[in-house]
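# Observations on chain architecture
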There are 2 protein chains.
Amino acid sequence: VTTADQEPRRRTATRDKLVAAAASLIPEVGWGGVSARKVAERAGVNLGVVHYHVESMAELRRLAAVRSVRAFFEGPVRLALDAPDPRSGVATLFASLSAGDPRDPQLLLLYESLVAASRDDELRAEIAASLAELRDSLREWLRARGVEHPEAAAVTITAAIDGYLLQRALDPTLAAGPVVEGLTAVLTPPRRRR
Amino acid sequence: VTTADQEPRRRTATRDKLVAAAASLIPEVGWGGVSARKVAERAGVNLGVVHYHVESMAELRRLAAVRSVRAFFEGPVRLALDAPDPRSGVATLFASLSAGDPRDPQLLLLYESLVAASRDDELRAEIAASLAELRDSLREWLRARGVEHPEAAAVTITAAIDGYLLQRALDPTLAAGPVVEGLTAVLTPPRRRR
């Protein structure tokens, strides 16, 4: 195998290419359908390159899933955290999410991963960790902006994001407006509690 | 095939048994793994009975998915709608959901269906319809109880339900408390809007 001589940077690049190939294949052929042969074909490398760079297909699929989940949320979340205040942040976040394809292959990959995670504790823990990271960065951002119950708001917003995306995958006409309106109330709790 | 002589009620009972068998098989063997042979085995009938009662495996899986999604939410939603007021309704709903197994096979079936729905428009429309029904009954209940923005509240609550279940499937320790706290704010919007 000639790749044994590659310098580390190039080895990482090859590995990234294989992970990207697996990520694009999962929504197309299903979690279990991603074989070393298909990954090699998609990445345009020899089968030997896959075997050299990848410990197991389970590991490659895990990496593909975790990176995709992260990549999917990264853009919209960054836009939201750049907003001047929590309300416009949430509005921006949902505007960005609802501008995407309701049946985005990365979302499909997320649902494939949920099923696979039920039989793979490592995968489950890794996706859970990246969702927890999203929740934590949102919470700290809300706290810094004086939202009264930042933990409750962050958990409710991330749950609403995932649920909105799930329902929109089923019903592409589902508008974000009512969710944004509802979450605005979460950010501005009643002055006097009963 | 002897079943041709069955009276309608018995035919429906057999069909229900096959749908239940398919519903229990999907989380175990995966959406595509549910064959007529496995359904016959699980239901304790001959293969001919499956072929007689079921037009196609796609149709059987569809029925299994839609009935399971409905059955999963039916109990918790009924409990919520029996609550004296919206706040305790939402608290009851999440208490009921978080008392269940985080990796309930019916939830797994829902995620399998999401993936399958991306390739099956009829399935997609049917699951979307049952989620819309849930949203609508919640909205009318909230409206009847004087919640100010019942549509926004119902959409936000159902999105939060789905997202909470999704995240809890990944992280079984995820508590419902913060979501309930957040949604309480949705039910009692600030008196003075800025």
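Before reading on, note that the structure itself is shown above.
The rules behind each value
Residues numbered from 1 in each chain as written. Chains lettered and ligands numbered in written order. Predicted model: local features only at pLDDT ≥ 70, side-chain atom pairs only at ≥ 80, totals over all residues. Heavy atoms only, no water. Least-squares fit on C-alpha atoms with pLDDT ≥ 70 in both. Contact = heavy atoms within 4.5 Å. Axes fitted to C-alpha atoms, helices over the stretch in contact; angles between N-to-C directions. Helix = DSSP H or I, 4+ residues; strand = E, 2+ residues; numbered from the N terminus. Parallel < 35°, antiparallel > 145°, perpendicular 65-115°, else oblique. Nonpolar A, V, L, I, M, F, W, Y, C, P; charged D, E, K, R; others polar. Buried < 20%, exposed > 50% of the residue type's maximum accessible area, 1.4 Å probe, protein only. Buried area = accessible area lost by both parts, 1.4 Å probe. Salt bridge = Lys/Arg side-chain N within 4 Å of Asp/Glu carboxyl O. Polar contact = N/O pair within 3.5 Å; in protein donor to acceptor, adjacent residues only side chain to side chain. Core = buried A, V, L, I, M, F, W, Y, C linked by side-chain atoms within 4.5 Å. Phe/Tyr/Trp six-rings, centres within 6.5 Å; stacked < 30°, edge-to-face > 60°.

### Regarding the relation of the copies chain B and chain A
For the pair chain B and chain A, the relating rotation is 180°, the translation along its axis is 0.0 Å, and the fit reaches an RMSD of 0.0 Å. The operation mapping one copy onto its partner corresponds to a two-fold rotation axis. Same-surface contact between copies: 100% of interface residues of chain B are shared with the interface of chain A.

### A closer look at the packing of helix α8 (residues 150-170) of chain A against helix α9 (residues 177-187) of chain A
Residue and element names in this part refer to chain A. Following both chains from N to C, one finds α8 and α9 inclined at 170°, their axes separated by 10 Å at the closest point. When the axes of α8 and α9 are compared, the pair comes out roughly antiparallel. Residue-level inspection shows Ala 153, Thr 156, Ile 157, Ala 160 and Tyr 164 of α8 in contact with α9, the latter providing Val 179, Leu 183, Val 186 and Leu 187. Residue classes in the contact of α8 with α9 are distributed as eight nonpolar, one polar and no charged.

### Some remarks on the environment of Pro 178 of chain A
Residues and elements named next belong to chain A. Following the sequence through the fold, Pro 178 ends up in helix α9. Pro 178 gets classed as buried once you look at its relative accessible area, which sits at 18%. Sequence-wise, Pro 178 and Tyr 111 are 67 residues apart; in three dimensions their C-alpha atoms are separated by 24 Å.

### As for the interface of chain B and chain A
Between chain B and chain A, the contact holds 50 residues from the first and 50 residues from the second. Interface of chain B and chain A: buried area, both sides summed, is about 4,600 Å²; carbon and sulfur atoms make up 61% of it. Our count for the chain B to chain A interface comes out at two salt bridges. Among the ionic pairs, Asp 121 of chain B bridges to Arg 103 of chain A, the shortest N-O distance being 3.6 Å. If you look at where chain B meets chain A, you find 15 residue pairs in polar contact (both at pLDDT 80 or more). Contributions of two or more residues to the side of chain B that touches chain A are made by α1 (8-29), α6 (105-117), α7 (121-144), α8 (150-170) and α9 (177-187) of chain B.

### Comments concerning the nonpolar core
Within the largest apolar cluster, 138 residues are counted, with the highest numbers of intra-cluster contacts made by Val 39, Phe 94 and Tyr 111 of chain A together with Val 39, Phe 94 and Tyr 111 of chain B. If we ignore the near neighbours within four places in the chain, the residues touching Phe 94 of chain B are Ala 160, Ile 161, Tyr 164, Ala 176, Val 179, Val 180 and Leu 183 of chain B.

### Structural notes on the packing of aromatic side chains
Here the distance between the centres and the angle between the planes together describe a pair of aromatic rings. Residues and elements named next belong to chain B. Following the criterion strictly, the structure yields four aromatic pairs over all chains and no others. Relative to Phe 73, the ring of Phe 72 lies with its centre 5.1 Å away and its plane at 90°, an arrangement referred to as edge-to-face. Taken individually, Phe 72 and Phe 73 each receive the classification buried, so the pair is uniform in this respect. Between Phe 94 and Tyr 164 the ring centres are 5.6 Å apart and the planes differ by 65°, which places this aromatic pair in the edge-to-face class. Of this pair, Phe 94 sits in helix α5 (residues 86-99) while Tyr 164 sits in helix α8, and the two are 70 residues apart along the sequence. Residues Phe 94 and Tyr 164 agree in their burial class; the two are buried.

### Topic: the environment of Ser 113 of chain A
Along the polypeptide, Ser 113 of chain A turns up in helix α6 (residues 105-117). Separated by 83 residues in the primary sequence, Ser 113 of chain A and Gly 30 of chain A have C-alpha atoms spaced 9.8 Å apart.

### Examining α9 of chain B
Buried residues dominate α9 of chain B, accounting for nine of its 11 residues. Where α9 of chain B is concerned, the buried positions are Pro 178, Val 179, Val 180, Gly 182, Leu 183, Thr 184, Ala 185, Val 186 and Leu 187 of chain B. Buried-residue contacts for α9 of chain B involve α8 and α9 of chain A together with α5, α7 and α8 of chain B.

### A word on the pattern of salt bridges
Side-chain pairing between opposite charges can occur once the charged atoms of the two side chains come close. Counted by the stated rule, this structure contains 29 salt bridges over all chains. Residue Arg 139 of chain A is joined to Asp 136 of chain A by a salt bridge in which the shortest nitrogen-to-oxygen separation is 3.3 Å. Residue Arg 139 of chain A and its partner Asp 136 of chain A are located together in helix α7 (residues 121-144), separated by three residues, close to a single helical turn. When the shortest N-O distance is used, the salt bridge between Arg 143 of chain B and Glu 140 of chain B registers 3.2 Å. Of this pair, Arg 143 of chain B and Glu 140 of chain B are both found in helix α7, three residues apart, which corresponds to roughly one turn of the helix. In this structure Arg 143 of chain B comes out as partly exposed when scored by relative accessible area, which is 45%. Counted as one network, the salt bridges with shared partners bring together Asp 136, Arg 139, Glu 140, Arg 143 and Glu 151 of chain A.

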